[in-house]
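Coordinate analysis (summary)
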Amino acid sequence: MTKKLFYDNVHQKEFTANILKVKEIDGKFHIELNQTAFYPEGGGQPCDKGTIENLQVSYVYEKENKIYHVLDKAPPKLHLLKCSIDWKRRFDHMQQHLGQHILSACFHELFDAETVGFHLGDTFVTIDITLSNISPTQLEKVEYFANQVVFNNLHVKQLYPTALKLSDLPLRKPPKVKENIRIIEIDQFDFSPCGGTHPIHTGEVGLIKIRKWEKVRGNIRIEFVCGNRALKDFHWKNNHINKISTLLSVKDVDTFSSVERIFSDYTFQKKEIRRLKEQLLDYESLALYQNASILNGTKIINKVYDDRDFGELRTLAAKIVSQPNTIVLLGSRNEKAQMLLSCSNEINIDMNKIFKEVCPIINGRGGGNAHTAQGGGDNISKIEEALKTAQRIITNEYLT
């Protein structure tokens, strides 16, 4: 059994150890040491990383009470290896993990809610709480309570109680193992079974900040950050708020109301622009219809646009062919050639068939139905030729 130095001294960053066993698996070397300060992945907490004799430790795991350190190369010696953990990573995990204990305990204390899920990610931490709903005011109350626990700098202890003593402890949740049970106590405030690493005082957690929440499978998922992550989160948000306040020439506390007003104006203007565009399309469709060429009682519109939104052309075509005995052949030159063939409902011409015939001219593809077909290709210079060919087929085969 590997001696777990991370339980003896959670702040130990360096140590020496001897190799007990080396296993090579898929080109990686799995090293078992007689003792280690590297925390193995488990209990929702990611593993420590660092170096063994200046070789990078990429992963650490525990199997059958043995802790294995995964390296790309085998260490150059077996005894008195110099080992060092990535303290920044370890301390971050300690801050987040104890922050989770505190936050979960506050939800339990204030709302009798259990924590049924925990994930410590690279950027954020989440817990799933057994509440069907929660208000911003309630969350603010939890957050405030949690930070008072931090600011009071309570002592964090690890206990290994006997079965008799365990039954006397006010555990927030039952242990998942039946032997070698380890309890993390936050100075009479919280008792929770846990195998992870935690600071020895709550003050080391730093600020606990709830970022957002959502409903997940009948529970509430809380996303939060602690300590240095909270500082980083505040830094970019403060930067953004200051930039927005400068941009809008308002105080930072007034940015939301200003943005809300701007968004309201934008929504109104967007609707107004949509209404005006619709009017313009009505005028344009009428002008095209009135000036269309006529063959045997059928009006034909054939036109190519530069940099015209194709969605707008579809709307334009639909307005035109709502008139009787009308055929529309429209094209657009943008990053590619796009074309649309459409006709009124009473016209018995298969526009999809014609589209398939002329589509190769623009090296394109697409399709539709008997009344409307559309598509695009990469031969932009041939768009006029394609539409003229389509009009010639319609004229020669259907209208004469």
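Predicted, not measured: the structure shown is a model, and the values here were computed from it.

Our next topic: the overall build of the chain. The helix and strand inventory of the chain stands at nine helices and 22 strands. Scaling as 2.2 N^0.38, a compact globule of 400 residues should have a C-alpha radius of gyration of about 21 Å, whereas the chain reaches 35 Å, well beyond that. C-alpha atoms of the chain, sized along the principal axes, occupy 100 × 55 × 40 Å. Within the chain, the fraction of its 400 residues that count as buried is 43%. Excluding contacts between residues fewer than 6 apart, the proportion of contacts in the chain whose partners are at least 24 apart in sequence is 60%. Element-wise, carbon and sulfur atoms account for 51% of the exposed surface of the chain, whose accessible area totals about 22,200 Å². Each charge sign in the chain was given a centre, from 53 positive and 49 negative side chains, and these centres are 2 Å apart.

Okay, the pairing of strand 21 (residues 364–368) next. On a regular strand, each side chain points to the face opposite its neighbour's, so the side chains alternate between the two faces of the sheet. As paired strands, strand 21 and strand 22 (residues 372–377) are joined by five bridges and run antiparallel to one another. In the strand pairing of strand 22, Arg365 is matched with Gly376.

Taken in spatial order, the six strands make up an open sheet running 17-18-19-20-22-21, and their pairing is mixed. The open sheet has two free edges, formed respectively by strand 17 (293–295) and strand 21, since each of these has just one partner strand. Pairwise comparison of adjacent strand axes, ignoring direction, gives a mean angle of 15° for this sheet. Against the sheet, helix 7 (residues 310–320) engages strand 18 (298–306), strand 19 (326–333), strand 20 (337–343) and strand 22, with an angle of about 170° to strand 19.

Between its first and last C-alpha, helix 3 (residues 136–151) extends 22 Å over 16 residues, near the 22 Å set by a 1.5 Å rise per residue. Of the positions making up helix 3, those classed as buried are Leu139, Val142, Glu143, Ala146, Asn147, Val149 and Val150. End-on view of helix 3: buried residues confined to an arc of 150°, all on one side of the axis. Turned more than 90 degrees off the buried face of helix 3, the exposed positions are Thr137, Glu140, Lys141, Tyr144 and Phe151. Where helix 3 is buried, its residues touch helix 2 (87–111), strand 13 (183–186), strand 15 (208–216) and strand 16 (219–226). Taken from the residues just after helix 3, Asn153 is the one with a positive phi, measuring 50°.

Next up on the list: the side chain of Arg182. Relative to the elements of secondary structure, Arg182 occurs in the loop between helix 4 (163–168) and strand 13. Summary of buried charges: Arg182 has no salt-bridge partner, and the nearest side chain of opposite charge, Asp8, is 9.0 Å away. A polar contact of 2.7 Å, which involves the side chain of Arg182, links it to the backbone oxygen of Gly196. Setting aside residues no more than four positions away along its own chain, Arg182 makes contact with Tyr7, Gln158, Leu159, Tyr160, Ser192, Pro193, Cys194, Gly195, Gly196 and His198.

Here we come to the pairing of strand 13. Taking every second residue as pointing to the same face, both faces of strand 13 are buried, with Ile183 and Glu185 on one and Ile184 and Ile186 on the other. Both strand 13 and strand 14 (residues 190–193) contribute to a ladder of four bridges, which runs antiparallel. Residue pairing for strand 14: Ile186 is matched across the bridge by Asp190. With antiparallel pairing between neighbouring strands as the criterion, strand 13 and strand 14 make up a hairpin whose turn holds three residues, including Asp187 at a positive phi of roughly 40°.

So, on to helix 2. The end-to-end C-alpha separation of helix 2 is 36 Å, in line with the 36 Å expected for 25 residues at 1.5 Å each. Taken across its 25 residues, helix 2 has 18 buried, putting it largely inside the fold. Among the residues of helix 2, the N-terminal cap falls to Asp86, whose side-chain oxygen and the backbone nitrogen of Lys88 are separated by 3.3 Å. Backbone geometry just after helix 2 places Asp112 at a positive phi near 55°.

As a further point, take the packing of aromatic side chains. Applying the stated criterion across every chain, the model contains eight aromatic pairs. With a centroid separation of 5.4 Å and an interplanar angle of 80°, the aromatic rings of Phe6 and Tyr39 are classed as edge-to-face. One end of the pair, Phe6, is in helix 1 (residues 5–8); the other, Tyr39, is in the loop between strand 5 (35–36) and strand 6 (50–52), and 33 residues separate them in sequence. Tyr39 carries the same exposure label as Phe6, and that label is buried. Every member of this aromatic cluster is reached through a ring pair, and the members are Phe6, Tyr7 and Tyr39.

There is a patch of nonpolar side chains on the surface, built from Ile241, Ile244 and Val259 and spanning about 190 Å² of accessible area. Within the fold, Ile241 resides in helix 5 (residues 227–248). Here Ile241 falls in the partly exposed class, since its relative accessible area comes to 32%.

One broad rule of soluble globular proteins: the nonpolar side chains tend to lie buried together. In terms of nonpolar packing, the biggest core is built from 29 residues, with Ile102, Leu103, Phe107, Ile208, Ile222 and Phe224 touching the most fellow members. Looking at this core, the elements that each hand over two or more residues are helix 2, strand 11 (125–129), helix 3, strand 13, strand 15 and strand 16. Ranked by size, the runner-up nonpolar core spans 25 residues in total, among them Ile347, Cys359, Ala390 and Leu399.

A few words now on the pattern of salt bridges. Scanning the entire structure with this criterion turns up 20 salt bridges. Between Arg275 and Glu272 there is a salt bridge, with its nearest N and O atoms 2.5 Å apart. Placement of both Arg275 and Glu272 in helix 6 (residues 255–290) is noted, with a separation of three residues, approximately one turn of the helix. Measuring nitrogen to oxygen at the nearest pair gives 2.9 Å for the salt bridge that ties Arg308 to Glu284.

Conventions we followed
- Residues numbered from 1 in each chain as written.
- Predicted model: local features only at pLDDT ≥ 70, side-chain atom pairs only at ≥ 80, totals over all residues.
- Heavy atoms only, no water.
- Helix = DSSP H or I, 4+ residues; strand = E, 2+ residues; numbered from the N terminus.
- Rg over C-alpha atoms; globule rule 2.2 N^0.38 Å.
- Buried < 20%, exposed > 50% of the residue type's maximum accessible area, 1.4 Å probe, protein only.
- Contact = heavy atoms within 4.5 Å.
- Areas by Shrake-Rupley, 256 points an atom, 1.4 Å probe, with all protein chains shown as cover.
- Lys, Arg positive; Asp, Glu negative; His and termini not counted.
- Charge placed at Lys NZ, Arg CZ, Asp CG, Glu CD.
- Pairing = 2+ DSSP bridges.
- Axes fitted to C-alpha atoms, helices over the stretch in contact; angles between N-to-C directions.
- Expected span 1.5 Å × (residues − 1).
- Arc of directions from axis to C-beta.
- Salt bridge = Lys/Arg side-chain N within 4 Å of Asp/Glu carboxyl O.
- Polar contact = N/O pair within 3.5 Å; in protein donor to acceptor, adjacent residues only side chain to side chain.
- Phe/Tyr/Trp six-rings, centres within 6.5 Å; stacked < 30°, edge-to-face > 60°.
- Patch = residues over 30% accessible without salt bridge, like charges linked within 9 Å, V, L, I, M, F, W, Y side chains within 5 Å.
- Core = buried A, V, L, I, M, F, W, Y, C linked by side-chain atoms within 4.5 Å.

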